[in-house]
Amino acid sequence: MMVFSIAMYSAITGVPLFLQTLMGYTSLLSGYATAPRGIAAMIAMPLAGYLMSRVDARWILFFGLAVSGLGTFQLGNVNLAAGMNSVAWPCFVQGVGMSSVFVSLMAMGMGTLRNEQMANGSGIFNLMRNLGGSVGIALTNTFVSRGTQWHYSNSIPHVTVYDPVYRQQRQMLQSGLTPLTGAPRAAHQAQGLLQGIVLQQSAAISYIDIFRWTALMLALLLPCAFLLKKVTTRAGAAAH
């Protein structure tokens, strides 16, 4: 539960930050793009609970981890030209997977406990979820900051007059700015715009790295689903 929470809260935190800081989304538009995750959870959670009495909970957990990883990996393919659908659909897939994992893990965790142990067991379970979420959020912010610096430091050496792509882009920007601000100032503005583009792309790559590493983390959790004991779902555990 803790490792899964680290992975999923990393993605949950990263998506709105990516949309608002790099793609210019407002808070409202960012909410629209990520809302399918909650909609999917409302649909999938009761369905997962219904299947618990008919399917081994470990298979539901395996399915949830795989689907969560798939949705997160799809986020790792976005870029700064992506539309809202490119974000909304992976979020929907994540919502289906998250619900399946939460329901199955809770049922298996509570299914082996006596009634008087339920409260303590539920408290420990939720503690691990909250602790993992806090770690995931902290790691996301740290890795975005450091990843942006690392990618920027590796990209900026190519922004040189000896690079033909740089010369072409700078000349194009300078030609467009010259009628507005004059030739001397346009040269400095073109240089600043290109530097800003490199910084923006470096930040975007750092977010993509986080999504892909998170997907890998979820993939590595897949075999762990079958290391858990098979538990017969109890009505009390499911209700709790």
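Reference entry: report on the structure contained in this document. This one's a predicted model, so the numbers in the text were calculated from it and none came from an experiment.

Over its 21 residues, helix α1 (residues 2-22) extends 29 Å from the first C-alpha to the last, a length consistent with the 30 Å expected when each residue adds 1.5 Å. Gly24 sits one or two positions beyond α1 and adopts a positive phi of about 75 degrees.

Applying the stated rule across the entire model yields two salt bridges. Arg58 is the salt-bridge partner of Asp56, the closest N and O atoms lying 2.9 Å from each other. As far as the burial class goes, Asp56 and Arg58 line up, both buried. The partner of Glu116 in a salt bridge is Arg114, with the nearest N and O atoms 2.8 Å apart.

With that out of the way, let us pick up the nonpolar core. In this structure, Phe4, Leu61, Leu65, Leu105 and Leu218 are the most contacted members of the largest nonpolar core, which totals 27 residues. Mapped onto this core, the elements with two or more residues apiece are α1, α3 (57-75), α4 (85-111), α5 (118-155) and α7 (183-221). Tallying contributions element by element places α4 first for this core, with nine residues. In this view, Leu105 contacts Met1, Leu61, Phe125 and Leu228; residues no more than four positions away in its chain are not counted. Judged by nonpolar contacts, the second largest core, of 18 residues, contains Leu22, Ala33, Ala82 and Ala203.

A separate point is the environment of Gly24. If you trace the backbone, Gly24 turns up in the loop between α1 and α2 (27-51). Under the relative-accessibility criterion, Gly24 is labelled exposed at 58%. Residues Gly24 and Leu80 lie 56 residues apart in sequence; the distance between their C-alpha atoms is 9.9 Å.

A few words now on a nonpolar patch on the surface. Together, Leu47, Tyr50, Leu51, Val55, Trp59 and Phe226 give the surface a local cluster of nonpolar side chains, amounting to about 560 Å² of exposed area. In terms of residues, the nonpolar patch owes the most to one element, α2, which gives three residues. Relative to the elements of secondary structure, Phe226 occurs in the loop between α7 and α8 (235-239). By relative accessible area, which is 32% here, Phe226 ends up partly exposed.

A few words now on α2. The first and last C-alpha atoms of α2 sit 36 Å apart over 25 residues, in line with the 36 Å expected at 1.5 Å per residue. The largest bend in α2 comes to about 40 degrees, at Thr34, with the proline Pro36 one to four residues further on. By the burial criterion, the buried members of α2 are Ser30, Ala33, Thr34, Pro36, Arg37, Ala40, Ala44 and Ala48. Residues of α2 that are buried in the fold lie against α1, α3 and α4.

Our next topic: the packing of aromatic side chains. Scanning the model with the defined rule gives six aromatic pairs in all. Between the aromatic rings of Trp59 and Phe62, the centroid separation amounts to 5.9 Å while the plane-to-plane angle is 70 degrees, which identifies the pairing as edge-to-face. Placement of the pair is Trp59 and Phe62 together in helix α3, with a separation of three residues, close to one helical turn. By relative accessible area, Phe62 is classed as partly exposed at 27%. Aromatic side chains Trp89 and Phe92 sit 5.8 Å apart centroid to centroid with 10 degrees between the ring planes, which places their arrangement in the stacked category. Of this pair, Trp89 and Phe92 both sit in helix α4, three residues apart, which is roughly one turn of the helix.

In contact at an axis separation of 11 Å, α1 and α3 are set at 30 degrees when each is read in the N-to-C sense. In this structure, α1 meets α3 at a crossing whose hand is left-handed. Judged by residue contacts, Phe4, Met8, Ala11 and Val15 of α1 engage Leu65, Ser68, Thr72 and Leu75 from α3. Along the lines of polarity and charge, the residues of the contact of α1 with α3 split into six nonpolar, two polar and no charged.

Between α1 and α4, the shortest axis-to-axis distance is 12 Å and the interhelical angle comes to 160 degrees. The angle between α1 and α4 falls in the class roughly antiparallel. Where α1 crosses over α4, the handedness of that crossing is left-handed. On α4, the residues that touch Phe4, Met8, Ala11, Ile12, Val15 and Leu19 of α1 are Val87, Cys91, Gln94, Met98, Val101 and Phe102. Taken together, the residues that form the contact of α1 with α4 break down as eleven nonpolar, one polar and no charged.

About the thresholds
- Residues numbered from 1 in each chain as written.
- Predicted model: local features only at pLDDT ≥ 70, side-chain atom pairs only at ≥ 80, totals over all residues.
- Heavy atoms only, no water.
- Helix = DSSP H or I, 4+ residues; strand = E, 2+ residues; numbered from the N terminus.
- Expected span 1.5 Å × (residues − 1).
- Salt bridge = Lys/Arg side-chain N within 4 Å of Asp/Glu carboxyl O.
- Buried < 20%, exposed > 50% of the residue type's maximum accessible area, 1.4 Å probe, protein only.
- Core = buried A, V, L, I, M, F, W, Y, C linked by side-chain atoms within 4.5 Å.
- Contact = heavy atoms within 4.5 Å.
- Patch = residues over 30% accessible without salt bridge, like charges linked within 9 Å, V, L, I, M, F, W, Y side chains within 5 Å.
- Areas by Shrake-Rupley, 256 points an atom, 1.4 Å probe, with all protein chains shown as cover.
- Bend = angle between axes of the 7 residues up to and from the residue.
- Phe/Tyr/Trp six-rings, centres within 6.5 Å; stacked < 30°, edge-to-face > 60°.
- Axes fitted to C-alpha atoms, helices over the stretch in contact; angles between N-to-C directions.
- Left-handed = near helix turned anticlockwise from the far one by under 90°.
- Nonpolar A, V, L, I, M, F, W, Y, C, P; charged D, E, K, R; others polar.
- Parallel < 35°, antiparallel > 145°, perpendicular 65-115°, else oblique.

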